[in-house]
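Observations on chain architecture
Next come the chains, spelled out residue by residue.
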Protein chains: 2
Amino acid sequence: MEYRKIKDDEDRDADVVEADVESLRGKSLSGVSLNNKNTLGSSFGDRSKWKIKSIVTLALTLLTSSQAILIVWSKRAGKYDYSVTTANFSVEALKCALSLAALARTWRSEGVTEDNKLSTTFNEVIYYPIPAALYLVKNLLQYYIFAYVDAPGYQILKNFNIISTGVLYRIILKKKLSEIQWAAFILLCAGCTTAQLDPSSDHVLQTPLQGWIMAIIMALLSGFAGVYTEAIMKKRLSRNINVQNFWLYVFGMLFNAIAIVVQDFDAVMNKGFFHGYTLITTFMILNHALSGIAVSMVMKYADNIVKVYSTSVAMLLTAIVSVFLFNFHLSLAFFLGSTVVSVSVYLHSISKIQK
Amino acid sequence: MEYRKIKDDEDRDADVVEADVESLRGKSLSGVSLNNKNTLGSSFGDRSKWKIKSIVTLALTLLTSSQAILIVWSKRAGKYDYSVTTANFSVEALKCALSLAALARTWRSEGVTEDNKLSTTFNEVIYYPIPAALYLVKNLLQYYIFAYVDAPGYQILKNFNIISTGVLYRIILKKKLSEIQWAAFILLCAGCTTAQLDPSSDHVLQTPLQGWIMAIIMALLSGFAGVYTEAIMKKRLSRNINVQNFWLYVFGMLFNAIAIVVQDFDAVMNKGFFHGYTLITTFMILNHALSGIAVSMVMKYADNIVKVYSTSVAMLLTAIVSVFLFNFHLSLAFFLGSTVVSVSVYLHSISKIQK
């Protein structure tokens, strides 16, 4: 990876307490901190790369787990009465705005360069609609799978995503995982599923063949979208991440606009776009936007494997935090699944990716 | 390990079909095949060691899983109305008799040597009562633990045995396990427990502190007995295994005789020693005796780690066989647990024990 060398001394702010965060500000976390005074260009060491990777991974983990907590909170507060499609559109619009704001700062401090200019070529932008299109197809399929599987069953089947991401990461990005990393990946899938078991989970085994096939197709679509996004983000490493994000999110807005027209046109026309939005809805939109940016950063500075680990650990964190927040009861299956996931993370961490 | 070189050509029997078994007969499987025409003494290659290790491990796995199937069968056939203590005594007596029969053959073909003579010294025999005494204490404690935990809960807590065996194997036998092997061992424990989960398993989490402490003490006793037996068997590798077994089982008989007197004296006096024995009881005693001998052989030619893997895989095999025999229903937890156990076996197999 190539990053531009920076001198941090020039722009230290008094309000940033932690030295580690300070040294990172303006390097690559600019997408989140909006402190983008420097852009990517030349190289810095492995230690810095590792630091960025750790921080974006941690950010994604914390944002994902707080996301789930917000969902539980909103469910406890009552039924959703806002339209999900407008919320999804708002998330994309907010991400787009945040990317533009970060870019504006970069332009002010660095000037417009080949790597941070917003204008693009057909050859560059042609790939950007694909992840958003894949997610749209996946979200449409989601309505049909519930004819064969109930919601808790679908939560269980979604763990196929872990395996599909690993397989597509191997096939499309041509990155090899070591034997131990494959073993760890299978364990991650088994551990996450175990942690989600409840007395009614055995229903899943009665899923008809169509349900299994759709679950596998959806896992492949989701895995493919993730792997494709990584390919886009890494195709030109020196390209400013905020420009890449901007174009990704523009197409995200476009496809979500189509979803609004198809599904919620009447409701939006009659009740208004923001009907039913509450404080929690606003928090959820903000959280989803930040999580989305964190995912982009993990794709650029780490990879899909890290993303899968991050969101899996987030799932366990959510459950633990929910014990304190909502008096959740942790099952024996949760402890066993968490143990397996922990061992999986350990095994992954002790074995290097063979590239 | 030192074994005496043998010439198999001299004693091939027409009734032994398989070449592998044939070449092993008289080497070290003599304890089971009772074809002990040769005793241990000089060395043979790693391949032979591996072969013996594999065969005794396979034998233990199959015997352990058929043991569990016999227990299910006997439960289906009706309640036990024989005394468990007399059955345990019969198992020890049968093992003793089998060891003596194997020794008699050895003496006839090889003559009595320093390694295969039955007579022993105080210094040698002093260690032999300890495993039997530990099991006796453990069996007595077993009555008390049920004041705190129900039977299915106890089945779950018994998986502590896996961890205690690993820890004591490390501490007492001073054999190191690699990081990956430790990870695999934790997975084995988590996987076995997961495979045994049923909707009522969460009760275990309500076990009072005394129950946890007793479960841990029992796991330590059981692990200690296993590790101690391995130490005895390996202390003098050239010593004939049947002599070692004979003395172990003599003390087994002694301690089980004490158990009969303490628990079932009146019943045995009034109804007779073999009261209530059926064909299934006889099969179970025979199976337990052969399994016991297989355990001894695994201790001598392999180790406690192999034993734990072997009996864990046997547990899964039993469940799978029970689907066909008794129309058992396999749960999602069983599939997940089996996956974790399989990955554990794989991880253990790809990493060598660091001695």
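The structure contained in this document is the topic of the report that follows. (Residues numbered from 1 in each chain as written. Chains lettered and ligands numbered in written order. Predicted model: local features only at pLDDT ≥ 70, side-chain atom pairs only at ≥ 80, totals over all residues. Heavy atoms only, no water.)

A closer look at the side chain of Thr85 of chain B
Residue and element names in this part refer to chain B. Relative to the helices and strands, Thr85 is located in helix H4 (residues 84-110). Engagement of the side chain of Thr85 in a polar contact is seen with the side chain of Ser83, the distance being 3.3 Å. In this view, Thr85 contacts Ala259, Ile260, Gln263 and Asp264; residues no more than four positions away in its chain are not counted. (Helix = DSSP H or I, 4+ residues; strand = E, 2+ residues; numbered from the N terminus. Polar contact = N/O pair within 3.5 Å; in protein donor to acceptor, adjacent residues only side chain to side chain. Contact = heavy atoms within 4.5 Å.)

Topic: unusual backbone geometry
Although it is not a glycine, Asn327 of chain A sits at a positive phi angle of roughly 55 degrees. Mapped onto the elements, Asn327 of chain A comes out in the loop between helix H13 (304-326) and helix H14 (332-350).

What about the packing of aromatic side chains?
Where two aromatic rings form a pair, the distance of their centres and the angle of their planes describe that pair. All told, the structure shown has 24 aromatic pairs over all chains when counted by the stated rule. Between the aromatic rings of Phe274 of chain A and Tyr277 of chain A, the centroid separation amounts to 5.3 Å while the plane-to-plane angle is 90 degrees, which identifies the pairing as edge-to-face. An angle of 75 degrees between the planes, with centres 5.3 Å apart, marks the rings of Phe146 of chain B and Tyr154 of chain B as edge-to-face. The exposure class assigned to Phe146 of chain B is partly exposed, which follows from its relative accessible area of 39%. The structure contains a cluster of three or more aromatic residues connected by ring pairs, namely Tyr82, Phe89, Phe273, Phe274 and Tyr277 of chain A. (Phe/Tyr/Trp six-rings, centres within 6.5 Å; stacked < 30°, edge-to-face > 60°. Buried < 20%, exposed > 50% of the residue type's maximum accessible area, 1.4 Å probe, protein only.)

Concerning the nonpolar core
Leu187, Leu188 and Leu347 of chain A together with Leu187, Leu188 and Leu347 of chain B are the most contacted members of the largest nonpolar core, which totals 79 residues. Every residue in contact with Leu187 of chain A, bar those within four places of it in the chain, is listed here: Val340, Ser344 and Leu347 of chain A together with Leu187, Val340, Val343 and Leu347 of chain B. Membership of the second largest hydrophobic core comes to 31 residues, among which are Leu63, Tyr128, Ala132 and Tyr249 of chain A. (Core = buried A, V, L, I, M, F, W, Y, C linked by side-chain atoms within 4.5 Å.)

Concerning helix H6 (residues 129-145) of chain B
Residues and elements named next belong to chain B. When the terminal C-alpha atoms of H6 are compared, their 24 Å separation across 17 residues agrees well with the 24 Å that a helix rising 1.5 Å per residue should span. By the burial criterion, the buried members of H6 are Pro129, Pro131, Ala132, Leu134, Lys138 and Ile145. In this structure, the buried side of H6 is in contact with helix H5 (122-125), helix H7 (151-157), helix H10 (209-235) and helix H11 (241-271). (Expected span 1.5 Å × (residues − 1).)

Let's talk about the pattern of salt bridges
Pairing is possible between side chains that carry opposite charge, provided their charged atoms lie close to one another. Residue and element names in this part refer to chain A. Under the defined criterion, the tally for this structure stands at 14 salt bridges over all chains. Two residues, Asp115 and Arg236, come together in a salt bridge whose shortest N-O distance is 2.9 Å. Placement of Asp115 in the loop between helix H4 (84-110) and helix H5 (122-125) and of Arg236 in the loop between helix H10 (209-235) and helix H11 (241-271) is noted, with a sequence separation of 121 residues between them. Relative accessible area serves as the criterion here: at 31%, Arg236 is assigned to the partly exposed category. (Salt bridge = Lys/Arg side-chain N within 4 Å of Asp/Glu carboxyl O.)

Comments concerning the interface of chain B and chain A
If you look at the interface, chain B gives 27 residues, while chain A gives 27 residues. When chain B packs against chain A, the two sides together hide about 2,300 Å² of surface, and 82% of this comes from carbon and sulfur. Looking at the side of chain B facing chain A, the largest losses of area belong to Leu205, Leu332 and Leu336 of chain B, adding up to 23% of the total buried there. Across the contact surface, chain B and chain A share zero salt bridges. Joining chain B to chain A, the criterion identifies four residue pairs in polar contact (both at pLDDT 80 or more). (Buried area = accessible area lost by both parts, 1.4 Å probe.)

Honestly, that's just the spatial picture; any functional story needs more than this.
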